[in-house]
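Chain by chain, the residues:
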Amino acid sequence: QRDLTARGAAPAGPWALAVALRFLHRPLLASLPGLLAPGGVAVVRTFRHEPGAERLPKRRYCLEAGELLELFPASRFDILAHVEDRDPDGRPAAGVVARLRFTRGS
């Protein structure tokens with residue numbers, strides 16, 4: 001059990017899979033390329049800000065429209081799936097399944 005918001009708290013990789021559900025800590029997402037093994041997959045789904053939506057966490061804990069595609073750039077990841085929709089409870093959400101690209105030497 002760890003506080004993943006603390007600097008350096010993410011378990012050292014390389015990992016084949018990283019999953020983050022209804023949890024958004026942008027520095028942790030930014031560190032995923034260094035934590036995933038080449039060909040490793042990230043699965044992320046969390047709240048998305050939408051004006052007028054009710055029952056959302058504070059805006060800083062919500063993705064903006066299109067933000068996941070910025071956090072998982074095509075230069076480093078193959079996007080296997082990306083959606084911006086609503087969770088079964090009606091709250092706006094976004095999700096991505098992204099595979100870290102193999103690079104030379106990996």
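On a predicted model such as this, the values are computed, not experimentally measured, just so you know.

## Concerning the sheet that holds strand E1 (residues 15-21)
A sheet is described by the order of its strands in space; here four strands give the open sequence E1-E2-E4-E3, paired in mixed fashion. For this open sheet the edge positions go to E1 and strand E3 (77-86), each flanked by a neighbour on one side alone. For this sheet, the mean inter-axis angle between neighbouring strands, taken without regard to orientation, is 5°. Of the pairings in the sheet, the one linking E3 to strand E4 (residues 92-100) comprises nine bridges and is antiparallel in character. Bridge assignment links Phe77 to a residue of E4, and that residue is Leu100.

## A closer look at the packing of aromatic side chains
According to the stated counting rule, one finds one aromatic pair in the structure shown. A centroid spacing of 5.0 Å and a plane angle of 75° characterise the contact between Phe72 and Phe77, whose relative ring orientation is edge-to-face. Exposure class is identical for Phe72 and Phe77. Each is buried.

## Side note on the pattern of salt bridges
Tallying each qualifying case throughout the model produces 11 salt bridges. Taking the shortest distance from any N to any O, the salt bridge between Arg26 and Glu67 comes out at 2.6 Å. Here Arg26 is found in helix H1 (residues 26-35), whereas its partner Glu67 is found in helix H2 (residues 67-71), with 41 residues between them in sequence. Under the relative-accessibility criterion, Glu67 is labelled buried at 10%. In this structure, Glu50 and Arg86 form a salt bridge, with 2.2 Å as the shortest nitrogen-oxygen distance. Here the residue Glu50 occupies a position in the loop between strand E2 (36-47) and H2, and Arg86 occupies one in strand E3, the gap between them amounting to 36 residues. In this structure, a network of salt bridges that share partners links the residues Arg22, Arg45, Asp85, Asp87, Asp89 and Arg91.

Each value, and the rule that gives it
Residues numbered from 1 in each chain as written. Predicted model: local features only at pLDDT ≥ 70, side-chain atom pairs only at ≥ 80, totals over all residues. Heavy atoms only, no water. Pairing = 2+ DSSP bridges. Helix = DSSP H or I, 4+ residues; strand = E, 2+ residues; numbered from the N terminus. Axes fitted to C-alpha atoms, helices over the stretch in contact; angles between N-to-C directions. Phe/Tyr/Trp six-rings, centres within 6.5 Å; stacked < 30°, edge-to-face > 60°. Buried < 20%, exposed > 50% of the residue type's maximum accessible area, 1.4 Å probe, protein only. Salt bridge = Lys/Arg side-chain N within 4 Å of Asp/Glu carboxyl O.

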